[in-house]
Every structure is written in structure tokens, then in C-alpha cells.
Amino acid sequence: MTTWHHDIARAALRCAGATCLALGLAGTATAQNVVKIGDLEAQTGPASVFGLMPSQGVRMAVNEINKDGGFDVAGKRYTLQLFSPDNQGNPQQALVQVKKMLEEEKVQYIFGPYLSNVFNAVAPYMQQYNGKVLLMGGATAMHWALGKPNMDFLIKTIPWDTGTSGYGSMMVDLLAKRGVKKVAILMQNDAGGKAVVDIYTPMFKERNIEVITEFFEPNTKDFTSVLAKLAAAKPDYLFPGYTDTALYDIVRQATEVGLTHFFIARGSIGPGMKNAAMIDSYLAYVPKYFEQAEKTQPKVAKFIGDYKTFYKTSFPYDQAPQCATSCYDHVFMLVDAMKKAGSVTDVPKVKAALLSMRHQGLWNIRYDATGEAIEDFDIVEIHRGGKADVTHIEPK
Amino acid sequence: MTQLILGQLINGVIVGTLYGIVAAGITLTFGITGIVNFALGAFMTLGAYMSWYLTDRVGLAFPAAIVLSVLATMAAGVVADEALFRHTRNNLINGLLVSIGLISVMQAGIAMTWTATPQEMHFVLPGVVQVGGVVVPKMKGLAALILLAVILCTYAALTRTWVGRAAFAYAQNPEAARLMGVRTRLLQSGAFVYSVGLAGLGGALYASLYSIDTGFGYTYVLKGIEAAILAGIGSVGGALVGGILLGMAEAIGSIFLPAAYKDAYGLVALVLILVLKPAGIFGGHK
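All values derive from a computational prediction rather than experimental measurement. (Residues numbered from 1 in each chain as written. Chains lettered and ligands numbered in written order. Predicted model: local features only at pLDDT ≥ 70, side-chain atom pairs only at ≥ 80, totals over all residues.)

1. So, the overall build of chain A
From N to C terminus, chain A includes 14 helices and 16 strands. For the C-alpha atoms alone, the extent of chain A along its principal axes is close to 100 × 45 × 40 Å. Sorting the 396 residues of chain A into buried and exposed places 47% on the buried side. Put simply, of all contacts in chain A between residues at least 6 apart along the chain, 67% involve residues at least 24 apart. (Helix = DSSP H or I, 4+ residues; strand = E, 2+ residues; numbered from the N terminus. Buried ≥ 20, exposed ≤ 12 C-beta atoms within 10 Å, placed from the backbone. Contact = placed C-beta atoms within 7 Å.)

2. Re the overall build of chain B
Tallying secondary structure elements over chain B gives eleven helices and two strands in all. Taken from N to C terminus, the helices and strands of chain B fall in the order α-α-α-α-β-β-α-α-α-α-α-α-α. The C-alpha radius of gyration of chain B comes to 19 Å, within 12% of the 19 Å expected for a compact globule of 286 residues. The principal-axis extents of the C-alpha atoms in chain B amount to approximately 60 × 50 × 30 Å. Per-residue burial over chain B gives 53% buried out of 286 residues. Here the analysis covers contacts within chain B between residues at least 6 apart in sequence; of these, 76% occur between residues at least 24 apart. (Rg over C-alpha atoms; globule rule 2.2 N^0.38 Å.)

3. Some points on the packing of helix α9 (residues 216-231) of chain B against helix α11 (residues 262-276) of chain B
All names here are of chain B. With their axes 9 Å apart at the nearest point, α9 and α11 run at an angle of 25° to one another. Classified by the angle their axes make, α9 and α11 are roughly parallel. Every pair of crossing elements has a handedness; the one defined by α9 and α11 is left-handed. The segment α9 lies against α11, with Glu226, Ile229 and Leu230 engaging Gly266, Leu267, Leu270 and Ile273. Considered class by class, the residues forming the contact of α9 with α11 number five nonpolar, one polar and one charged. (Axes fitted to C-alpha atoms, helices over the stretch in contact; angles between N-to-C directions. Parallel < 35°, antiparallel > 145°, perpendicular 65-115°, else oblique. Left-handed = near helix turned anticlockwise from the far one by under 90°. Nonpolar A, V, L, I, M, F, W, Y, C, P; charged D, E, K, R; others polar.)

4. Points about the interface of chain A and chain B
Chain A puts 24 residues into the contact, and the matching count from chain B is 26 residues. Broken down by secondary-structure element, the contributors of at least two residues to the side of chain A that touches chain B are β8 (210-216), α8 (224-232) and α9 (244-256) of chain A. Ranked by residue count, the leading element in the side of chain A that touches chain B is α8(A), at six residues. The residue makeup of the side of chain A that touches chain B, split by class, is eight nonpolar, eight polar and eight charged.

5. Re the domain arrangement of chain A
Residue and element names in this part refer to chain A. Each assigned domain of chain A is listed here: domain 1 (33-158 + 292-362) and domain 2 (167-286 + 379-393). The C-alpha-based centres of domain 1 and domain 2 are spaced at 29 Å. With 13 residues of domain 1 in contact, the opposing surface of domain 2 contributes twelve residues. Among the residues forming the side of domain 1 that touches domain 2, the class breakdown is six nonpolar, six polar and one charged. (Domains from an automatic or database assignment.)

6. Some thoughts on the nonpolar core
By size, the foremost hydrophobic cluster in this structure holds 117 residues, and its most contacted members are Leu134(A), Val183(A), Leu186(A), Leu238(A), Phe262(A) and Phe263(A). Excluding residues within four positions of it along the chain, Leu134(A) makes contact with Gln108(A), Tyr109(A), Phe153(A), Ile155(A), Val347(A), Val350(A) and Lys351(A). The next biggest cluster of nonpolar side chains, apart from the first, holds 92 residues, and it includes Val124(B), Ala227(B), Met248(B) and Ala269(B). (Core = buried A, V, L, I, M, F, W, Y, C linked by C-beta atoms within 7 Å.)

7. As for the sheet that holds strand β3 (residues 76-83) of chain A
All names here are of chain A. One open sheet accounts for six strands, arranged β2-β3-β1-β4-β5-β6; its pairing is mixed. With one partner strand each, in any of the chains shown, β2 (71-73) and β6 (154-156) form the two edges of the open sheet. The average undirected angle you get between the axes of adjacent strands in this sheet is 30°. Taken together, the five bridges between strand β1 (residues 34-39) and β3 define a ladder with parallel strand orientation. Bridge assignment links Val34 to a residue of β3, and that residue is Thr79. (Pairing = 2+ DSSP bridges.)

8. As for the confidence of the model for chain B
Residues of chain B with pLDDT of at least 70 account for 99%, and the chain-wide mean is 90. Across the whole predicted complex the pTM is 0.82, and at the interface the ipTM reaches 0.85. (pLDDT = per-residue confidence, 0-100.)

9. Notes on the environment of Val98(A)
All names here are of chain A. Assignment of secondary structure puts Val98 in helix α3 (residues 91-104). Taking C-alpha positions, Val98 is 43 Å from Ala228, a pair spaced 130 residues apart along the chain. If we skip the residues at most four places from it in the chain, Val98 touches Leu40, Val122, Tyr125 and Met126.

10. Side note on the sheet that holds strand β14 (residues 373-375) of chain A
All names here are of chain A. An order of β12-β13-β14 is seen for the three strands of this open sheet, with the pairing classed as antiparallel. The strands lining the two open edges of the sheet, one partner per strand, are β12 (358-360) and β14. Pairs of neighbouring strands in the sheet enclose a mean axial angle of 20°, with direction left out of account. Two elements, strand β13 (residues 364-367) and β14, share three bridges in a ladder whose sense is antiparallel.

11. Overview of α11(B)
Residue and element names in this part refer to chain B. Here α11 contains 15 residues, and its C-alpha end-to-end distance of 22 Å stays within 8% of the 21 Å for a straight helix at 1.5 Å per residue. Turning to α11, its buried residues number three or more, namely Lys262, Tyr265, Gly266, Ala269 and Leu270. Axial view of α11: buried residues confined to an arc of 140°, hence all on one face. Of the exposed residues in α11, the ones pointing more than 90 degrees away from its buried face are Val271 and Val275. (Expected span 1.5 Å × (residues − 1). Arc of directions from axis to C-beta.)

12. With respect to the pairing of strand β9 (residues 237-240) of chain A
All names here are of chain A. Covered by surrounding structure in β9 are Tyr237 and Phe239 together with Leu238 and Pro240, the residues of both alternating faces. Here strand β7 (residues 182-188) pairs with β9 via four bridges, running parallel. Paired with Ala184 across the strands is Leu238, a residue of β9.

13. Things to note about the pairing of β7(A)
Residue and element names in this part refer to chain A. Of all seven residues in β7, six are buried, a share of seventy percent or more. Pairing analysis gives seven bridges linking β7 to β8, with the strands arranged parallel. Looking at the pairing, Leu186 lines up with Glu214 of β8. Taken together, β7, helix α7 (residues 191-206) and β8 form a β-α-β motif whose crossover is right-handed. (Right-handed = clockwise from strand over helix to strand, strands pointing away.)

14. Brief notes about the confidence of the model for chain A
Residue and element names in this part refer to chain A. Averaged over all residues, the pLDDT of chain A is 90; the fraction at 70 or higher stands at 92%. No element of chain A has a lower mean pLDDT than helix α1 (residues 4-32), which averages 49, and none a higher one than strand β4 (residues 109-111), which averages 98. This model gives residues 19-31 a pLDDT under 50, and the stretch forms zero contacts once residues within four places in sequence are excluded.

15. Some words on unusual backbone geometry
Residue and element names in this part refer to chain A. A cis amide bond, omega 0°, links Gly112 with the succeeding residue Pro113. Structurally, Pro113 is set in the loop between β4 and α4 (116-126). A cis amide bond links Gly241 to the next residue, Tyr242, at an omega of 0°. Counting through the fold element by element, Tyr242 comes out in the loop between β9 and α9.

16. A look at the packing of helix α5 (residues 138-160) of chain B against helix α6 (residues 162-172) of chain B
Helix packing geometry: the angle between the two helix axes and the distance between the axes. Residues and elements named next belong to chain B. Running from amino to carboxyl end, α5 crosses α6 at an angle of 75°, the nearest separation of the two axes being 5 Å. Considering the angle they form, α5 stands roughly perpendicular to α6. Facing Ala157, Leu158, Thr159 and Arg160 of α5, the residues of α6 in contact are Gly164, Ala167 and Phe168. For the contact of α5 with α6, the residue count by class is four nonpolar, two polar and one charged.

17. With respect to the environment of Val22(B)
Residues and elements named next belong to chain B. Turning to its location among the elements, Val22 is positioned in helix α1 (residues 2-33). Val22 sits 147 residues away from Ala169 along the chain, and the two C-alpha atoms are 23 Å apart. Those residues in contact with Val22 that sit more than four places away from it in its chain are Leu40, Met44, Ala199, Gly202, Tyr220, Val221, Lys223 and Gly224.

Pasting the structure below:
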């Protein structure tokens, strides 16, 4: 015998079942229209100065695109789903995260990494997916892998130091014009540090600038001994690197032994600003000097405002230039490339579309035939007291 | 060149006092509780973060921040001792495992409470002093003097007070010390917490000299252990000498050899000394 409350219970069950079915179907429908993208950066730890801002920029772009309802490709509307684990600059951790993204989540587009040691760890594994995925990162070591067999999955999102449009070449030229005769390089003893030495030593020597090189172990905090040794050689400029963690300690301790001229190709202007009372020159490659660009470029001003609203925090002007690599602009570029390619899954077509594009966002970005970015940048020189001279370079 | 070497000898002494304060904590804890507390590096990190936070974020004067940092670190030491290390007394392996586990917990706690991104304290005492053409940063010199004074006071307290004699008595014969009225549990906890306080002080001063991150303490605990072994485990005064020798070996080695292998030069000095004196420089003179 049924009672009224049994009827209500049955009706409720039917209703719940129908709701579940509807939600399930909706879920399936949504899942079909999602493009999964990954982010592979150090968001915490000593190397986070390179990875946090790019990760935050990718998250902002994904949020903006999804908030606008997504994007249309070949008559279908898509949204983005972001996987953004923190690898803390640990190559092993990054490899596990990449495997999870590719094998379990079937991600086809990954932004990052900036760190060469992370790239060196994930690249051999990702070669298995050549032609099926894209890795869009800024790692120095990527430069030498571009164009190599089974490396079609690479796009390097930050310009290279050398060549006619290279920021490094321009900065070394500037030193040569100033009559600099001797530069001391002090780099971290790892893949990234050695790559910087390999890139810059020939450039200095070509311009008859003598080079003295020393390395330091990662996690070194007291540089007094090596700096005193370098200071005894009386270099005109000190070229230290390459993380801000090391740079803050090096710049401060260098001024204590009388080294006051700095040449920075990796790292921010933060250490120069902090030690402005004690330095004479802090010449740095800065992808964008946001303090000035905010006043002259509406897109930059909007980005800074949006950042403050989204993260409910002040804008990190010192770390923001790192957004030049695998960050905000690059997500919009990927979406535009998918639209142009007419596919979200045909990776070679999407890559070809990316390489044929010119993007005007925070940066003016295009790629060369190998897949390496060419974009505008600033060379900033901080003088004693904190006055900054900024030269904007728009590569030909 | 003479000036360069002299400058690096002074720098070695300064850096060595930081190794020495950790080494003193290690040797004191080992002598009284029978464990090697690897977590002293994590307590040092806690002291550094507290000092940075109280100075740069809360706006306290640096001396007040140091005192509060040391007290907070000691409070954390009391909790760790009561919850964990009290159960590992005189058990080297268990103590080692617990201390290594505690490092991860404390590092994660520090990262969650503050940040895992490296931080730089504002300049507490900028500028340098010139001593006979040798440049010494003022803050480094001051920090070394404070650490030197604290280690020497600890040594004096151990050799000239009743508590110090009780500690020596306990280290030599725990049973006899207990029968003579030494409150051994209190002594062990006191030694543990005091050692943690030394590490906290080292960290608090460290933050005014270098950038801090959650992992820097690990390097210092390894150097502290090296310094303690170099001196001969059990000697607090020797720990200071061991730390200074280690600092000088690294500084001088970096002048004549590639700086990239600075850590190895201290280890070479350690091996050479242990070959000549297997019990360490002060081994047998506890």
C-alpha cells in the first residue's frame, strides 16, 4: 500500500534522476567544448621570479576569455580549462606534472617552462608527442633545440640574445661604445648559468672586451670571497646572474667591495633599485618597463588595472616584465591561431597559424621561421639615486 | 693580494660565527639529549622569517624583532621537544628521523604562513668600515660580534655555573648526575630549547645580511655539523673555532680555486683535520 509521502518520495527521486541525467548530459556537452591547456612554471621557490608572473598572466587570460563566453572555432564554441600546477623549479616534479597533463588530461598546449633545467627534463619525454602537442616556453635551452628532429612541438616565446635584433648584442655594443675593456661574469653553476656564459663570452670577445668568469653554487648567499676576487681584477662591469634571489645578494655585496657597474641580461631591475644609493650603473634588459609603459600604453594600463582587480593585490612591477614569456598575450595568440587554423586539435595547423601571426597586445609579437619570438623590449639603465633611462627597441 | 687574503680571513671569521652558532646548538643538544637535531636549520629559518616579518612588515625596531624572534623560536622549540623529541632521548636514529621529518613540516609551515618566494629585509645598518684597507660591512661585523659574544657567554655559563657543571656531569654520567640531584628531564629540555634559541638568533641576524627563503637553513645545519665534527663533538667553544675554520677554508679556497666549489674546500679542511686528529681539534677536551 502506498501512502502520499511514498508518492512524493518517488516523484522526488524521479526529479533527482532527471536532474542528474540533465546535468550529466550538460557536463558531457561542456567537456566536448573545452580546450585543455597547461602551465609549467615555478610559482614558488627561488626560481619563482621567472614563473609566477607568467602563471598569473595565463590564469588572467583564461579567465577573461571564459568570462566573455569563450571563442568560436569552425562553428563551435569553446572555453579553456587550465591546469597550472606549481613545479617549484624542480625538474622531476615538472616531468611528473607534464606526464599527468599529457597522459591523463590529454592536454595539447602547454605554456612554459622558463627554466632550462625543467625544459631539459621534460623535452625527451615530450618528443614522443611530437606533432600532437605544443610547448610554448621561454627556456634558454629551447633555442638550441628549435628546428632539430622531433622538436616540432617547440615554440620559444621570448627573443634570443644574439643576432641583429638581439637585446644582448645591442647591450654589448653599448658597452663597447662606452669603452669598456673588461667584464666579470658571475653566474650560477647550472645549465642556465652556463648557457648565459656560452652566449655572452664570444660576444664580448668579438668586441675586444676581456672576460673573467666565475661560477657559484645554487643557494649561495655569501658572495664576498668571489666578489673580492673579481674586484681585484678591476672589471669595468659585473655581469651577475641569473635569478633575482642571487642578484639581490650579489648586487648588495658587490657594492661593498667597490663594484658599482652592473650588466644584467637575466633578472629584474629590483636589485638595482634597492641598491640605488650605492650603484653607479645598472644596465638591464627589461622586456617591458611597466612603470613607464603604464603611462603611455593603454593596453598596459588596462592589464595593470585588471591584475589588481583579479588578484586583489598591488601590481608587481619588478616581476611583471617576465610576462613577456608564455603569459597573457600568448593565450590570446593561441586562441587566435586556433580560430585561424579552424581547429583546436590539429596541432601542426595551429602552430603554422601561430608562426604566421603578428600579435599586438602588451607586446608586439611575431615568430621567426624556427618558432622563436621576435618582440619589442626595453633597455633600462638605473643610475645612482634611482633615476632610470629607458630605451624602447622595436626589432626590424 | 695580501689585502685580499686578509679581507677574506676576516670574512671567513664573520661567516664562521654563523656556522659556529649552529654548531654550538648541535653539540649542546647532542651532548645532553643524545640526538643530532638536523631541524636546527629549520628553526634558524623560522628565526629569520620572524625577524624579517617583524621588522619589514610589522615595523618593529630590529633589536626588538631579534628578541621576539628568538623567543618565538624557543617557544616552537618547547612544542617540538614536548611533542616529539622528548620521546627520542638518547636514541640517535629516532632523533635523526624525527628531526629530518620536522624540517619538511616546518618549511611547509613557514611557506604557508608567509611566503615561499625569497624575501629581502631592508638595510638595517648600511655601509662599510675600513680596517687597514680591508672593507667590512657594518651589519656583518655587528652580527659577528653578537654571535661571538653569545657563544662565549654560553661557554662561560657551561664552565662557571652550577647548571653548566650539571650539564657536564650529566654528559659524563647521567645516572650519577641524577643521584646528585640534577633534574635531568628539565636539563635535557632546557638544553634542547636553548639550542633552538641559538639557531633562532643566528637566523634573526642572518635575515639582516642575506636574502631568505624557506630552504636556506639546511645549508647551515650541514655546515654546523661539519664545524662541530671539526672541533670535536661536545665542545661549545670548539664549535665556534670549528665554524671559523670552516668559514676561513671556504673564503681562502675561493680566492685561489674556482668559487663554484666553495663548499668542497671546507670539506677538504674537515677531512685533513680528521686524518690528523680523528676526534676533532678539541676532541677529549670537553
